[in-house]
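Remarks on the overall topology
Each chain, letter by letter, is given below.
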Amino acid sequence: MISRAEFARRRRELMDLMGNNSIAILPSAKEVVRSRDTDYLFRQDSDFYYLTGFPEPDAVLVLLPGREHGEYVIFCREKDLKMETWHGRREGQVGAKKNYGCNDAFPIDDIDEILPGLMEGRDRIYYEFGNHTDFDNSIMGWVNTLRAQVKKGAHPPGELIDLSHILHDMRLIKSKAEIRVMQKAAEISANAHIAAMKRCQPGLNELQIEGELKYSFANQGARTEAYNSIVAGGENACILHYVENNCELKDGDLLLIDAGCELDGYASDISRTFPVNGKFTKEQKQAYEWVLKANKEAIKSAKPGKPWSAPHDTAVRILTKGLVEMGILEGDVDQLVEEEAYKPFYMHKTGHWIGLDVHDVGDYLQDKDPRELSEGMILTVEPGLYFAPKTKGLDKKWWGIGIRVEDDILITKRSNRILTKTVPKEVDEIEALMKPKRRRKS
Ligand code: GLY
Ligand code: MN
Ligand code: MN
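Notes on the structure in this doc start here. (Residues numbered from 1 in each chain as written. Chains lettered and ligands numbered in written order. Predicted model: local features only at pLDDT ≥ 70, side-chain atom pairs only at ≥ 80, totals over all residues. Heavy atoms only, no water.)

In this section: the environment of aspartate 264. Here aspartate 264 is to be found in the loop between strand E12 (261-263) and strand E13 (266-267). Given a relative accessible area of 28%, aspartate 264 falls into the partly exposed group. Linking aspartate 264 and glycine 19, residues 245 residues apart in sequence, is a C-alpha distance of 30 Å. Once you skip the residues sitting within four places of it in the chain, aspartate 264 turns out to touch Met1, Tyr49 and Val181. Reaching out from aspartate 264, the side chain makes a polar contact with the backbone nitrogen of methionine 1 at a distance of 3.4 Å. (Helix = DSSP H or I, 4+ residues; strand = E, 2+ residues; numbered from the N terminus. Buried < 20%, exposed > 50% of the residue type's maximum accessible area, 1.4 Å probe, protein only. Contact = heavy atoms within 4.5 Å. Polar contact = N/O pair within 3.5 Å; in protein donor to acceptor, adjacent residues only side chain to side chain.)

Next up, the structure:
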């Protein structure tokens, strides 16, 4: 769990960067209809959560550095016994102050009357434009309310600054508490992958493996997935974001699972690929060993001071070499890398930042160059090879093999730590883990 003190530290850091005479305004996420009168499970906006920990929709955070009567203000739903009987508990203004440390809390329904007064006299508004059209309009409406009062002495803010820029830079570097939560999320997901590997056998449906993952997440205290699980048997693995998860798992095929839980708002993201029947074929093993080598070498290259693109460059070189050695590409490795000849078989990047969002925020470039890795960043390393059936010029023996091996990596002071290391990825480890099933079958 992230402590109240840490949420307060984040707000302090942001307000110090904003400077006095400014105001930050950030709305919560909204409830989203799934069907008619049924909503999707509510998920708080990551930026809003990062600064408040407040779990409700219909709320707005306002930060007012230097305000005498309190710098941290929340607008939120009022207590309402009838609504709470039907739809669940609400903090109300008293709870927002008591449990979330706000200096002031107001009913959300009063925001139009109160917010212009809070803006008044401040020069700059920090706000994330373009995420919510109706809220963008509200911001302009509140500024215009003040503009209409200039003759009476009002001082409307004249500058609008993108809040996400500084906030996302803060989010990119994880604190000790964030690392603890993400390590725990990674361990829960690792255990779920192990359970799925143990359960897997020919004749099961992909959906049953998805169920195993979900059960394992929930059983360990993580209610939701960080993204829709990919459970892709055989050629389905060649569809990068395959989420139908409704096919039978076949003897002789591989199974690619890309799944991670969300814990206390933080994501994990693991991919493993293994044989449905517990034993790799010659071609599967050959391709798998190249992806695994790319994964391990790319992880080694993810070090402080190295560009964030280093793992990708490392992976691309190894995968291209592998494609040549497997007889799939022909020519000089350097030249093939230069020509991006690997792209039909490896079409995505080797990783991304991960945090409150699975594809987390934070710039990847600085002054047009790949950003340097530094302590506290967490990223995934996820090379793969995908041999879709009917690929022109590709020997049939490779068709339907899709492989990805993905780990979550914390950049430490001198090196890195693999948060997801407890899920087996060596061929012999995987085969040993799945072996009891093979014995039972025969
Ligand atoms: N599961 C999405 C990704 O690996 O980026
Ligand atoms: Mn990923
Ligand atoms: Mn993934």
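Sheet strands associate in pairs through backbone hydrogen bonding, adopting either a parallel or an antiparallel arrangement. Strand order across the open sheet formed by 3 strands is E9-E12-E13, with antiparallel pairing between neighbours. Across the chains shown, the open sheet's two edge strands, defined by having one partner strand only, are strand E9 (224-225) and E13. In this structure, E12 lies alongside E13, joined through 2 bridges in antiparallel fashion. Within the sheet, the bridge partner assigned to leucine 263 lies in E13 and is tyrosine 266. Relative to E12, helix H8 (residues 176-199) is tilted by about 150°, and along the sheet it contacts E12 and E13. (Pairing = 2+ DSSP bridges. Axes fitted to C-alpha atoms, helices over the stretch in contact; angles between N-to-C directions.)

It is worth spelling out the site of ligand 1 at this point. Every residue lining ligand 1 is accounted for by Tyr227, Asp258, Asp269, His352, His359, Glu382 and Glu406. Aspartate 269 is positioned such that a nitrogen or oxygen atom in its side chain is 3.2 Å from an oxygen atom of ligand 1. Glutamate 382 places a side-chain nitrogen or oxygen 3.0 Å from an oxygen atom of ligand 1. For ligand 1, whose accessible area on its own is 190 Å², the fraction buried by protein is 91%. (Near = heavy atom within 4 Å. Areas by Shrake-Rupley, 256 points an atom, 1.4 Å probe, with all protein chains shown as cover.)

Moving on, we come to the coordination of the manganese ion (ligand 3). Looking at the metal site, the manganese ion (ligand 3) is ligated by Asp258 (OD), Asp258 (OD), Asp269 (OD) and Glu406 (OE), spaced 2.0 to 2.4 Å from it. Around the manganese ion (ligand 3) sit 6 donor atoms, and with donor-metal-donor angles ranging over 57 to 172° the site reads as irregular. Donor residues for the manganese ion (ligand 3) sit on one chain with the sequence pattern D-x10-D-x136-E. Between the manganese ion (ligand 3) and the manganese ion (ligand 2), both coordinated by aspartate 269, there is a metal-metal distance of 3.3 Å. Pair noted here: aspartate 258 is in strand E11 (residues 254-259) and aspartate 269 is in the loop between E13 and strand E14 (270-275), with a separation of 11 residues, a long-range link. (Donors = N, O, S within 2.8 Å, 3.2 Å for Na, K, Ca; no water. Tetrahedral: all angles 85-135°; square planar, octahedral: opposite > 155°, others 65-115°.)

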